[in-house]
Amino acid sequence: MAEATKFDPRQHVHGDPLDMPALCPGAMQASKPYPAAPNHNQALGFPGELAPDWKEKAIARLGELLESNRALRVYLDSCVKCGACTDKCHYFLGTGDPKNMPVARQDLLRKIYRRYFTLSGKLFPKLVGAEDLTKEVLDDWYSYFHQCSQCRRCSLYCPYGIDTAEISMAARDIMDTIGMGQKYSNEIIGKVFSIGNNLGLPPKALRNTLEGLEDDIEEETGVRVRLPVDEQGADILLVTPSADFFASPHMEGLIGYAKVLHESGVSWTLSTHASEAANFGMFIGSHENMQKIALRIRQAAQDLGVKRIVIGECGHAWRVAYSFLNTLAGPFEFLDPNYPVPQHICEFTYDLIQQGQLKFDKSKNDAFRLTFHDSCNVARASRMGDWAGGQFDIPRAILRAVCNHYFDMAPEVIREHTLCCGGGGGLLTDELMDLRAKGAMPRMRALQEAADEHGVTHMAAICAICKAQFSKVLPMYGFDREAIVSVHQMVSNAIVLTGSKPPEDQESGDE
Amino acid sequence: MVTLVYATAFYAATALLVLGLARKIWLYARTPAPLKIPTTPAPLTRSGAGFRVAREVVFFESLFRSNKWIWLFGWIFHVSLAVVVLRHLRYFLQPAPAVIALIQPLAVIGGLGMVAGLGALWARRVFVARIRYISGPSDHLMLALLIAIGASGLAMKFFAHTDIVAVKAFFLGLMRFDVQTLPDDPALLVHLTLVLALMVIFPFSKLLHAPGVFFSPTRNQADDSRERRHVSSRLDAAPRRA
């Protein structure tokens, strides 16, 4: 991107993570993701490209969304421009572009709503900030609604709970409806429909990968830990982001789940039909596509005859699973009612730890001085356990159980106040690297503080997007690329498998 | 003549306010909330969620976490406004309840607090660059209108007294459809004209945050999606098998 010129992350890694930038109007105007090719739009039921009557269609679609989504209707009316949200978005903190202030981002849609759907906007557009829908406005939408990672940090602080994620989802839905889709998200959703997962990993390759992992674990521990796929009658269906089959540190996390499940003694399986927990239908605000993707999980669970559904480490996938799955694909009367549907792998591991069923050698993680990055969709859009805030306590409890050196980052940037990694919400694509690097700045500063104060060397996360994003941006800010780890990678390092090789053997077998 | 104009205007403005608000509330209530979207950590029960909304309404809980200055000025303004509005009930109730009589001494503080709070909010709107950026003409005008209402009311208290017995007779008369003479003091007429304007603007402006806060799904939904299946739209009717 042309904008990616002068920003040097290393110059910005020290400082208050929540430091207010000077306003730089238009700084990120040029940031745009690649548009989707016509066939990628059409595969999801959208027009291939912008139609001549796009304006009428866009307004009509906004009208439909107002009728079908209370949040959108209430939020477009309720903002009083108090300014409480203006310093809350990590993309604003990182770029200084005022259109990245949540209220200003919302206003891009709100001014159109006012012009076409409110009396005051029809009569006195200038007075109330109403504007005609033009190509310039549409271009602004495409740019700035793709600078929102739908992390909901603004909604936490808004006196009315106005959630910019709802607004940007609606805007993206409207853009899709008129043929202005985004390549990254739409292409990936197409792959889920045609192949079964975001990465386009076919069943045969998946089986090979899993067998390879079984061999690796056996070599390391002497125990044959299975990673079963499509196994009829297993108790648990594990649905995990496909990055877990593919990249580091995701894969190390998958090995961790497998070891925990192995030790639990409960039978489990992956599914080739639902070999993906991610659901990019949420990012593009399309309830239809989100439901279609979510139903694969129900179908896989029914076809395999499982009793429980467990979800792997993935932020937005956990939001869709925890908050939406029951609505989108329920009721799950065919599953075991003694367990929540679905369960997070962290809940599963935590329960076993509480029951004393897992043995750990914490010293295995002594090389790690750890902190934990709360992923936004887990933090502000879901829960774990049966108490409010379990989504913060459970992963930390797991990390403290498996390692000796754990330190939280500053209280104002963790738990529900957490800062986005900078790559969420369908923005994890190379052409947006400038935005991603700048958006990561607040989190990178918080990590730098923890490193300075506590000697923190590594940051654990439970989100595939966070992990992929950090792998890219950590080196830009002067950290080690591998400073980002999976929570279950730490579990995997420390867990002592029943019947595993004694320590001496392991060491000789290591090299 | 003045009496007739204001009587008609108050009937019209009241009708607009009530019907306009009722329409909006009906729209909010009727529109489905297709998915569970409480901002977490959220209360696990519906009563807990109700309590959360109550805390937002009474204490501005989220705003307090967000920005102490906006919270302070905004809260002072709203609480003062509440006191002032309660005090004005004496113009509509005969006899005025004891509570209303009791808070009369607070009213001057309320009036001053209202204007001071609004003034401070306006100063932020002008002097804080990022808030200036998001402010449009209507945002400034709204503050001007509210300050003018407060100032004209205080002016009657301190400088240009009006015949409040006659004012009360006028409003009690309006409520019985029996129009009584309204004093034609300029300060009173300015005050009432501004209030009329506020009543008309209310259902068409950002003042809709007042009903809106009760309908905000991120605040009024309980975090119970696994325990209680949320059903509210056509998503429920979609076939479970492709």
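Under an unreviewed UniProt entry, chain B has the name Nitrate reductase and belongs to Rhodoblastus acidophilus. We quote the UniProt Subcellular location (unreviewed entry) comment for chain B here in full: "Cell membrane".

As annotated in an unreviewed UniProt entry, chain A carries the name 4Fe-4S dicluster domain-containing protein and is attributed to Rhodoblastus acidophilus.

The next thing to look at is the overall build of chain B. For chain B, the count of helices and strands is 12 helices and zero strands. Listing every helix and strand of chain B by position from the N terminus yields α-α-α-α-α-α-α-α-α-α-α-α. Here chain B holds 242 residues, and 48% of them are scored as buried. Put simply, 73% of the contacts in chain B that link residues at least 6 apart link residues at least 24 apart. Accessible surface, chain B: about 11900 Å² in total, of which carbon and sulfur atoms supply 75%. In chain B, which carries 26 positive and 11 negative side-chain charges, the distance between the mean positions of the two groups comes to 8 Å.

Residues and elements named next belong to chain B. In the UniProt entry, the feature "transmembrane region" (unreviewed entry) is given for residues 6-26, 69-86, 98-122, 143-167 and 187-205. Measuring from the first to the last C-alpha atom of residues 69-86 gives 26 Å, for a span that is 100% helix and 0% strand. Within the segment residues 143-167, helix and strand shares are 80% and 0% respectively, and the terminal C-alpha atoms sit 26 Å apart.

Before going further, it helps to examine the domain arrangement of chain A. All names here are of chain A. The domain architecture assigned to chain A consists of domain 1 (12-181) and domain 2 (190-503). The gap between the C-alpha centroids of domain 1 and domain 2 is 30 Å. With 35 residues of domain 1 in contact, the opposing surface of domain 2 contributes 41 residues. Between domain 1 and domain 2, roughly 3300 Å² of surface is buried when both sides are summed, and carbon and sulfur atoms account for 59% of that area. Viewed at the interface, domain 2 and domain 1 are joined by zero salt bridges. For the side of domain 1 that touches domain 2, the class distribution of residues is 15 nonpolar, 11 polar and nine charged.

Moving on, we get to the interface of chain A and chain B. Contact with chain A, which involves 84 residues of that partner, is made by 61 residues of chain B. Overall, the association of chain A and chain B removes approximately 6000 Å² of surface from exposure, summing both partners, and the carbon and sulfur fraction of that is 53%. Put simply, chain A and chain B have seven salt bridges between them. A salt bridge links A:Asp87 to B:Arg130; the shortest N-O distance between them is 3.6 Å. Here chain A is connected to chain B by 44 residue pairs in polar contact (both at pLDDT 80 or more).

This paragraph deals with the sheet that holds strand β2 (residues 268-269) of chain A. Residue and element names in this part refer to chain A. If you trace the four strands from one edge of the open sheet to the other, you get β2-β1-β3-β4, paired in parallel fashion. Edge positions in the open sheet fall to β2 and β4 (343-344), since each of these has one partner strand only. In the sheet, strand β1 (residues 236-239) pairs with strand β3 (residues 308-311) via four bridges, with the strands oriented parallel. Paired with Ile-236 across the strands is Arg-308, a residue of β3. Here helix α14 (residues 287-304) sits on the sheet and contacts β1, β2 and β3; the angle it forms with β1, its principal contact strand, is near 150°.

Criteria and cut-off values
- Residues numbered from 1 in each chain as written.
- Chains lettered and ligands numbered in written order.
- Predicted model: local features only at pLDDT ≥ 70, side-chain atom pairs only at ≥ 80, totals over all residues.
- Heavy atoms only, no water.
- UniProt positions renumbered as here; feature names shortened; annotations may be inferred.
- Helix = DSSP H or I, 4+ residues; strand = E, 2+ residues; numbered from the N terminus.
- Buried < 20%, exposed > 50% of the residue type's maximum accessible area, 1.4 Å probe, protein only.
- Contact = heavy atoms within 4.5 Å.
- Areas by Shrake-Rupley, 256 points an atom, 1.4 Å probe, with all protein chains shown as cover.
- Lys, Arg positive; Asp, Glu negative; His and termini not counted.
- Charge placed at Lys NZ, Arg CZ, Asp CG, Glu CD.
- Domains from an automatic or database assignment.
- Buried area = accessible area lost by both parts, 1.4 Å probe.
- Salt bridge = Lys/Arg side-chain N within 4 Å of Asp/Glu carboxyl O.
- Nonpolar A, V, L, I, M, F, W, Y, C, P; charged D, E, K, R; others polar.
- Polar contact = N/O pair within 3.5 Å; in protein donor to acceptor, adjacent residues only side chain to side chain.
- Pairing = 2+ DSSP bridges.
- Axes fitted to C-alpha atoms, helices over the stretch in contact; angles between N-to-C directions.

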